[in-house]
Amino acid sequence: MIYQSTRNDGLTASSAQAILDGMARDGGLYSPASLDMDFDWQAVLPLSTQDMATRILAALLPSFTEAEMAALVGQAYAGKFETDELTPTVSVGDDTILELFRGPTSAFKDVALSMLPVLMTAAREKCGVTDQILILTATSGDTGKAAMEGFRDVPGTRIMVFYPHGGVSPVQQAQMATQEGDNVCVCAVRGNFDDAQTGVKRIFAQVEREGLLSGKGVRLSSANSINIGRLAPQVVYYFKAYADLVRRGRIAVGDPVDFVVPTGNFGDILAGYFAKMLGLPVGKLICASNKNNILTDFLTTGVYDRNRPFYKTVSPSMDILVSSNLERLLFLLTKDAKQVAGLMASLSETGAYTVPASFKAQLDELFFAGCCDDTGTKAAIGQVWRDHGYLMDTHTAVAYDVAQQYKAACPDHAPVVILSTASPYKFPAAVLEALGEDPGADEFKAMARVEEITSVPMPKNLRTLKERPVRHRDVIGPDDMLQYVLDKAVQEKW
Ligand SMILES: *Cc1c(COP(=O)(O)O)cnc(C)c1O
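Residues numbered from 1 in each chain as written. Predicted model: local features only at pLDDT ≥ 70, side-chain atom pairs only at ≥ 80, totals over all residues. Heavy atoms only, no water.

### With respect to the sheet that holds strand E15 (residues 416-420)
No. 1: Overall, mixed pairing links the six strands, which are arranged E4-E5-E15-E10-E11-E14 in an open sheet. Either end of the sheet is taken by a strand with one partner, and the two such strands are strand E4 (89-92) and strand E14 (367-371). The sheet shows a mean angle of 25° between the axes of neighbouring strands, direction not considered.
No. 2: Against the sheet, helix H11 (residues 267-277) engages strand E10 (257-262), strand E11 (282-289), E14 and E15, with an angle of about 175° to E11.
No. 3: Contacting E11 and E14, helix H12 (residues 294-301) crosses the sheet at an angle of about 140° to E14. (Pairing = 2+ DSSP bridges. Helix = DSSP H or I, 4+ residues; strand = E, 2+ residues; numbered from the N terminus. Axes fitted to C-alpha atoms, helices over the stretch in contact; angles between N-to-C directions. Contact = heavy atoms within 4.5 Å.)

### Overview of the pairing of E15
Looking down a regular strand, the side chains alternate between one sheet face and the other.
No. 1: With five of five residues buried, E15 lies mostly within the body of the structure.
No. 2: Alternating residues of E15 divide into Val416, Ile418 and Ser420 and Val417 and Leu419, and every residue in both groups is buried.
No. 3: The pairing of strand E5 (residues 95-99) with E15 spans four bridges and is classified as parallel. Paired with Ile97 across the two strands is Ile418, which belongs to E15. (Buried < 20%, exposed > 50% of the residue type's maximum accessible area, 1.4 Å probe, protein only.)

### A short note on the site of the ligand
No. 1: Inspection of the region around the ligand gives 15 residues, with Lys109, Gly264, Asn265, Asp268 and Thr421 positioned closest.
No. 2: Here an oxygen atom of the ligand and a side-chain polar atom of Asp142 are 3.1 Å apart.
No. 3: Its free accessible area being 380 Å², the ligand has 96% of it covered by the protein chains.
No. 4: Among the residues making up the shell around the ligand, the classes are represented as five nonpolar, seven polar and three charged. (Near = heavy atom within 4 Å. Polar contact = N/O pair within 3.5 Å; in protein donor to acceptor, adjacent residues only side chain to side chain. Areas by Shrake-Rupley, 256 points an atom, 1.4 Å probe, with all protein chains shown as cover. Nonpolar A, V, L, I, M, F, W, Y, C, P; charged D, E, K, R; others polar.)

### With respect to the packing of aromatic side chains
No. 1: Enumeration over the complete set of coordinates arrives at 11 aromatic pairs.
No. 2: Measuring from ring centre to ring centre gives 4.9 Å for Tyr238 and Phe259, while their planes differ by 65°; the resulting arrangement is edge-to-face. Remark: Phe259 occurs in strand E10 and Tyr238 occurs in helix H10 (residues 236-247); sequence separation between them is 21 residues. Across the pair, exposure class does not vary: Tyr238 and Phe259 are buried alike. (Phe/Tyr/Trp six-rings, centres within 6.5 Å; stacked < 30°, edge-to-face > 60°.)

### Notes on empty space enclosed by the protein
No. 1: Going through the model one piece at a time under the given rule, you end up with two cavities of 30 Å³ or more.
No. 2: Around the largest cavity, the lining residues are Thr49, Ala53, Tyr77, Leu86, Thr87, Val111, Pro233, Val236 and Tyr237.
No. 3: Secondary structure elements with two or more residues in the lining of the largest cavity: helix H3 (49-60) and H10.
No. 4: Along the lines of polarity and charge, the residues of the lining of the largest cavity split into seven nonpolar, two polar and no charged.
No. 5: Here the second largest cavity defines a volume of roughly 50 Å³.
No. 6: Looking at the second largest cavity, the residues that line it are Lys80, Pro104, Asp110, Leu113, Ser114, Ala146, Glu149 and Gly150.
No. 7: Of all the secondary structure elements, the ones that give two or more residues to the lining of the second largest cavity are helix H5 (109-126) and helix H6 (142-151).
No. 8: Looking at the lining of the second largest cavity residue by residue, the class counts come to three nonpolar, two polar and three charged. (1 Å grid on protein atoms, 1.4 Å probe; cavity = no way out; pocket = protein on both sides within 12 Å on 5 of 7 lines; lining within 4 Å. Points joined across faces, edges and corners; volume = space filled by probe spheres on them.)

Written as structure tokens, this is what we have:
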């Protein structure tokens, strides 16, 4: 399988090169040129999750043989998740919840960010690169922690994470500030998430343009979901959930299943489209948004328009107005890089674009979209706890609410799987409020109180958080980020 830029048919790369670079040089994303491939999807259903991952990842990333991939998968996942299944499913009423948060930082990003570091180092060897890889990441909370945990002490790599000073939750802040590992560095930036993200993008551009790291034995890369090495591992759990429903007798092999996905950057739901293209009988993909419902509008009207207010919600990992991975969907559906380049130019110039009617018809066939505000989110958490004794986090609750909207709108729906993307203990204040209590000002107290009321066990990594020593205290201004990176890049020991 050849990868190419979503904006230029002439810019191609092997899967290893695509992982190493993170992003195409023309600003496009690396995508498979086509997903029409011969994949024996039924053969993976009886396998363990890790063996499933080996088969699927070897098919999507053919720079690696199946034997090589099996070793990488073992290295990435063995002993790191709460269960060898990695991503268990649970029945809640008529629905099935796919729990993606049983990894080392209790967020679904662990699934991909456990795999990306081993793919990155293997890609570095494949491509004959001897430079150290320096990962730069801006985070609004979840990605930074999961990325550091994934890359910690991985030979040949270092990782630097920038987050908005005072702009992440106390739990997220503590998770990052206490991060261990000799190759990790965390720094708060005075400003909001956009300042941190713009700063990182500027560093990439300036380092490349002016050759600021050339000859220094270091090259930059990204751990954000623009990297195909982060997207591919997410395809696996769609197969895993489907196999669980077959094992439980809920469906026969070949029956469709609908998936509801709490969506931000469109990576998770795009992985569902990849699974469908590999042959898995995915029925509808249901895109669930919070009050930042730009994707609901796009999927129902065909107009993408970011000229709108940005809301801070209780599901912050979905507070996003530009969903990067949508670009890959546009490319895979139109197979027309020129057209994608045109739409993206329109997005950066006017903040908006409109897709042609034929394309809109394809979207209607594949997707259903809905949204849910904070009031609905908390109501869903409370109701599911009371009716089913199952405790959801705020992002999962958005998906749960939209799943009920979908079932009401489409009575002939297939069995529904709801993707659950975070532990409720990562957002304890909102969860406590949803359970009818005053959350107070101390998030750690709220965490303990949620456990007291519900007896749902708190994940180990969060339980010990408050006692762990703080290892990272740096705070800088946005204008100091470049110098900070250049200094650290050549420091022998962090
Ligand atoms: C990142 C994230 C999402 C959104 O996933 P995308 O792939 O960006 O669409 C949803 N929920 C949680 C908890 C997340 O961390």
